[in-house]
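# Architecture at a glance
Residues per chain, in single letters:
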Amino acid sequence: MTPTRPTCPVDHHSADYIANAQETHARLREECPVGWSDEHGGFWVLSRYREIKDALKRPELFSSARIQREDGTWDGGAAVPANQSSTLLYPLEIDPPESSPYRAAIAKWMSRSALEQHREPLTAYINATLDRVEPTGRMDIVTEIGMMPGYMVALLLGIDPELAPRIAWPFNAMDVLERDTPEFAEAQEQMGWLVGFLAELCRSRRENPGDDNVSALVMTEFDGEPLPLSGCLSTIMTVIGGGVATTTAALEHCLGVIDSHPEIRARLIADPSLIPQAVEEAIRIHPPVLQVARRLLEDTTVDGVQMFAGERVLGSVLSANHDSSVFPNPEAIDIDRPVKSHLTFGFGVHRCVGIEVARMELNLMIGSLLKRFPDFRVVREECRRFVGESHNNGYSVFPIELAPKMAAAAV
Ligand code: HEM
């Protein structure tokens, strides 16, 4: 007999959930830390830090592999409901040991020391963007700075940085644009172009390897065989998909926190070396990826609750980051907070491999912005959040005024 399940009717894709997620999980952490939701085919919701981290530590039980059912539909993976695309996202949607060589190869591109070479060009790119928007007095983070992660990916792949918008835009568009519009169809076409371009890049670097990151990836061997090119292409697509909208959303949250906390703004202006810890605290409070998902490979119990093989499990990153047993007074923004082990970048074998890329982009962007436009203001009345299918906790429109005090003085 199936034991009674504690229930919590969460639909993490609904507008209602997005609007009340903090309150919902504060209640669930107390009353139903492990609960079953019937939405999207049914899944467990974990709301406490400890259970979520424990699950992410055990990929042999909580798998992120996406698998095809007999009827051709897909199950599992890192999202609920399961992504139905026939192309698996490597290394995220496969388990170790298969995922390990892909992850190890790209982790080398994105170590702190490997990234140092990109600091100067990235700073120049950010300043050129700020030069371009300065005469208008404002900028939309999504359309202007949303291209910065594309630029960074171009540097990582060793390709023409002029391609930055063609790399970033199709991914941004998937979150920003309404389905069934000509713009969305255009973005899909652009995505098709990007896949073709990157497939050719992988193929040509396998034929004529050079001293670059893509060559290193396509020349990697596993069990004595070179990695399949399809897996290499998929890995590059995950790097782009994982790094574009997330970083843009993180930047929006950081700017929102600075804008609404004058004391934090004043401290960062006086001492820019505090920017990295302010970034960590802003993305603890407002994680760009709200949840991670897994699929159980065997029956197990979590916190005394019986779960069965094949069931989906969703861990709320937002809830974990607001768990007072780890982060005392969790709703307060405290940039001096001693504990920084938030789950914003996940945990375990699939922990974000682009952490240092994201940190570098965010720290440089916020540093340049505060230096040149210390009084910037978020135009909150025009900001629009993503809801619906997006897995990112970000905005489709996020304008800022660059120098509102100067503009007011000139009137
Ligand atoms: C603030 C920005 C970012 C956030 C919040 C973020 C968040 C995450 C999270 C939560 C995961 C783990 C998902 C899971 O376990 O199911 C992940 C994985 C990943 N991220 Fe990020 N990410 C960010 C930026 C980036 C950047 C800049 C890149 C690359 C340039 C990147 C590339 C990846 C890749 C390739 C994976 C899959 C790793 C694996 O499966 O081994 N991310 N990210």
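Located above this text is the structure these notes cover.
Because the structure is predicted, anything quoted here is derived from the model rather than measured. (Residues numbered from 1 in each chain as written. Predicted model: local features only at pLDDT ≥ 70, side-chain atom pairs only at ≥ 80, totals over all residues. Heavy atoms only, no water.)

A word on the sheet that holds strand 12 (residues 312-316). The strand order across the open sheet formed by five strands is 1-2-12-9-3, and the pairing between neighbours is mixed. This sheet does not close on itself; its edge strands, each paired only once, are strand 1 (34-37) and strand 3 (62-63). When strand 1 meets strand 2 (residues 43-46), the two strands line up antiparallel, connected through four bridges. Across the sheet, Gly-35 pairs through a bridge with Val-45, a residue of strand 2. The sheet contacts of helix 2 (residues 49-56) involve strand 2, strand 3, strand 9 (291-296) and strand 12, and relative to strand 2 the element is tilted by about 125°. (Pairing = 2+ DSSP bridges. Helix = DSSP H or I, 4+ residues; strand = E, 2+ residues; numbered from the N terminus. Contact = heavy atoms within 4.5 Å. Axes fitted to C-alpha atoms, helices over the stretch in contact; angles between N-to-C directions.)

A separate point is the packing of helix 4 (residues 112-133) against helix 14 (residues 355-372). Contact pair helix 4 / helix 14: the axes reach a minimum separation of 10 Å and the direction vectors enclose 35°. Handedness of the helix 4/helix 14 crossing: right-handed. For the pair formed by helix 4 and helix 14, the contact residues are Arg-112, Leu-115, Glu-116, Arg-119, Leu-122, Thr-123, Ile-126, Asn-127, Leu-130 and Asp-131 on the first element and Glu-356, Val-357, Met-360, Glu-361, Leu-364, Met-365, Ser-368, Leu-369 and Arg-372 on the second. When grouped by side-chain class, the residues that make up the contact of helix 4 with helix 14 number nine nonpolar, three polar and seven charged. (Left-handed = near helix turned anticlockwise from the far one by under 90°. Nonpolar A, V, L, I, M, F, W, Y, C, P; charged D, E, K, R; others polar.)

Taken together, 27 residues form the shell around the ligand, and within it Leu-92, Arg-103, Arg-294, His-350 and Cys-352 come nearest. Separating an oxygen atom of the ligand from a backbone N or O atom of Leu-92 is a distance of 3.3 Å. The separation between an oxygen atom of the ligand and a polar side-chain atom of Arg-294 is 2.7 Å. Of all the secondary-structure elements, those providing two or more residues to the shell around the ligand are helix 3 (100-109), helix 9 (229-243), helix 10 (245-260), strand 9 and helix 14. Tallying contributions element by element places helix 9 first for the shell around the ligand, with four residues. (Near = heavy atom within 4 Å. Polar contact = N/O pair within 3.5 Å; in protein donor to acceptor, adjacent residues only side chain to side chain.)

Further remarks concern the pairing of strand 2. In strand 2, alternate side chains face the same way, and those of Phe-43 and Val-45 on one face and Trp-44 and Leu-46 on the other are all buried. Sheet analysis places strand 2 next to strand 12, joined by three bridges and oriented parallel. Opposite Trp-44, over in strand 12, you have Val-313 as the bridge partner. (Buried < 20%, exposed > 50% of the residue type's maximum accessible area, 1.4 Å probe, protein only.)

The next thing to look at is the coordination of the iron atom of the ligand. Reference geometry at the metal: tetrahedral coordination by four donors gives ideal angles of 109.5 degrees; octahedral coordination by six donors gives 90 or 180 degrees. Protein coordination of the iron atom of the ligand rests on one atom only, Cys-352 (SG), at 2.3 Å. Summarising the element assignment, Cys-352 is placed in the loop between helix 13 (317-321) and helix 14. (Donors = N, O, S within 2.8 Å, 3.2 Å for Na, K, Ca; no water.)

A cis amide bond links Val-80 to the next residue, Pro-81, at an omega of -5°. Relative to the helices and strands, Pro-81 is located in the loop between strand 5 (74-76) and helix 3. Backbone torsion omega between Tyr-90 and Pro-91 reads -5°, so that peptide bond is classified as cis. Secondary-structure assignment places Pro-91 in the loop between strand 5 and helix 3. A positive phi angle, close to 55°, is found at Asp-223, a residue other than glycine.

Attention now goes to helix 6 (residues 164-176). Along its 13 residues, helix 6 runs 18 Å from first to last C-alpha, staying within 8% of the 18 Å computed at 1.5 Å per residue. Those residues of helix 6 not exposed but buried are Ala-164, Ile-167, Ala-168, Pro-170, Phe-171, Asn-172, Ala-173 and Asp-175. Contacts made by the buried residues of helix 6 are with helix 5 (148-157), helix 7 (182-207), helix 9 and helix 10. (Expected span 1.5 Å × (residues − 1).)

Those residues of helix 11 (residues 262-270) that sit buried are Ile-264, Arg-265 and Leu-268. Down the axis of helix 11, the buried side of the element spans an arc of 100°, and every buried residue falls inside it. Turned more than 90 degrees off the buried face of helix 11, the exposed positions are Pro-262 and Ala-270. Against helix 10, helix 12 (275-285) and helix 14 lie the buried residues of helix 11. (Arc of directions from axis to C-beta.)

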